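Overview (structure and organization)
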Amino acid sequence: QVQLVESGGGLVQAGGSLRVSCAAPGSIVSANDMGWYRQAAGKQRELVAAISKIGSTNYADFVKGRFTISRDNAKNTVYLQMNSLKPEDTAVYYCNADILTRTTLRTYWGQGTQVTVSS
């Protein structure tokens, strides 16, 4: 069983910055597409940003110019740098990754990390 471990959420004032990280274990063969989703209270989970293994990125319109997704393939880790945060960015942020192990290729989710932006 592959477990994605997230870290870095917290409370920040509007206009501030946070970086969240998500690491897959070193025992995997590789992590392919990786991404971040978020789910605000009472709303559906939505894609925030995604990055391919070679670094191609895709962003939701509501974060373009403010958030940056990146990854370190040597560490099987994906990052989301969030700048100019707004109260509407408040949500639980989940990482998502297509993980190849010796026996399977499947999608895994992190446990979620709370990001709260105060006005």
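These numbers come from a predicted model, not from an experiment.

Observations regarding the overall build of the protein
- The helix and strand inventory of the protein stands at 0 helices and 11 strands.
- For the protein, the α and β elements follow one another from N to C terminus as β-β-β-β-β-β-β-β-β-β-β.
- A compact globule built from 119 residues should have a C-alpha radius of gyration of about 14 Å, and the protein, at 14 Å, falls within 12% of that.
- Taking the principal axes of the C-alpha coordinates as reference, the protein spans close to 45 × 25 × 20 Å.
- Counting all 119 residues of the protein, 42% fall into the buried class.
- Counting only contacts in the protein whose residues sit at least 6 apart along the sequence, the fraction spanning at least 24 positions is 54%.

Some words on the state of the cysteines
- In this structure the tally under the stated criterion is 1 disulfide.
- Put simply, Cys-22 and Cys-95 are joined by a disulfide, and their sulfur atoms are 1.9 Å apart. Here Cys-22 and Cys-95 share a disulfide; its torsion about the S-S bond, 45°, makes the bridge right-handed. One end of the pair, Cys-22, is in strand β3 (residues 18-23); the other, Cys-95, is in strand β9 (residues 91-100), and 73 residues separate them in sequence.
- Take Cys-22: its relative accessible area is 1%, and that puts it in the buried class.
- On the accessibility criterion, Cys-95 (0% relative accessible area) is buried.

What about the packing of aromatic side chains?
- Using the criterion set out here, one finds 1 aromatic pair in the structure.
- Look at Tyr-37 and Trp-109: their rings are 5.0 Å apart centre to centre, the planes differ by 65°, and that puts the pair in the edge-to-face class. With Tyr-37 in strand β4 (residues 30-39) and Trp-109 in strand β10 (residues 105-109), the pair connects residues that are 72 residues apart, well separated along the chain.
- Accessibility expressed as a relative area gives 38% for Trp-109, which makes it partly exposed.
- Sitting over the ring of Tyr-94, Arg-45 keeps its end group 3.7 Å from the ring centre.

Some words on the sheet that holds strand β1 (residues 5-7)
- Spatially, β1-β3-β8-β7 is the arrangement adopted by the 4 strands of the open sheet, whose pairing is antiparallel. Of all the strands in the sheet, just β1 and β7 (67-72) have a single pairing partner and so form its edges. With strand direction ignored, the average angle separating the axes of adjacent strands in the sheet is 15°.

Side note on the nonpolar core
- Grouped together as the largest cluster of nonpolar side chains are 31 residues, with contacts concentrated most on Leu-4, Trp-36, Leu-80, Met-82, Tyr-93 and Ile-99.
- Elements with a minimum of two residues in this core: β3, β4, β5 (46-51), β7, β8 (77-82), β9 and β11 (113-118).
- A per-element tally of this core places β9 first, with 5 residues.
- Ignoring any residue separated from it by four or fewer positions in sequence, one finds Leu-4 in contact with Cys-22, Ala-23, Ala-24, Cys-95, Asn-96, Ala-97, Ile-99, Tyr-108, Trp-109, Gly-110 and Gln-111.

Focus: the pattern of salt bridges
- Here the structure, examined in full by the defined rule, presents 4 salt bridges.
- A salt bridge links Glu-46 to Arg-38, with the shortest nitrogen-to-oxygen separation between them at 2.9 Å.
- By sharing partners, the salt bridges in this structure join Arg-38, Glu-46, Arg-66 and Asp-89 into a single network.

Calculation rules
Residues numbered from 1 in each chain as written. Predicted model: local features only at pLDDT ≥ 70, side-chain atom pairs only at ≥ 80, totals over all residues. Heavy atoms only, no water. Helix = DSSP H or I, 4+ residues; strand = E, 2+ residues; numbered from the N terminus. Rg over C-alpha atoms; globule rule 2.2 N^0.38 Å. Buried < 20%, exposed > 50% of the residue type's maximum accessible area, 1.4 Å probe, protein only. Contact = heavy atoms within 4.5 Å. Disulfide = S-S within 2.5 Å. Phe/Tyr/Trp six-rings, centres within 6.5 Å; stacked < 30°, edge-to-face > 60°. Lys NZ or Arg CZ within 6 Å of the ring centre and 35° of its normal. Pairing = 2+ DSSP bridges. Axes fitted to C-alpha atoms, helices over the stretch in contact; angles between N-to-C directions. Core = buried A, V, L, I, M, F, W, Y, C linked by side-chain atoms within 4.5 Å. Salt bridge = Lys/Arg side-chain N within 4 Å of Asp/Glu carboxyl O.

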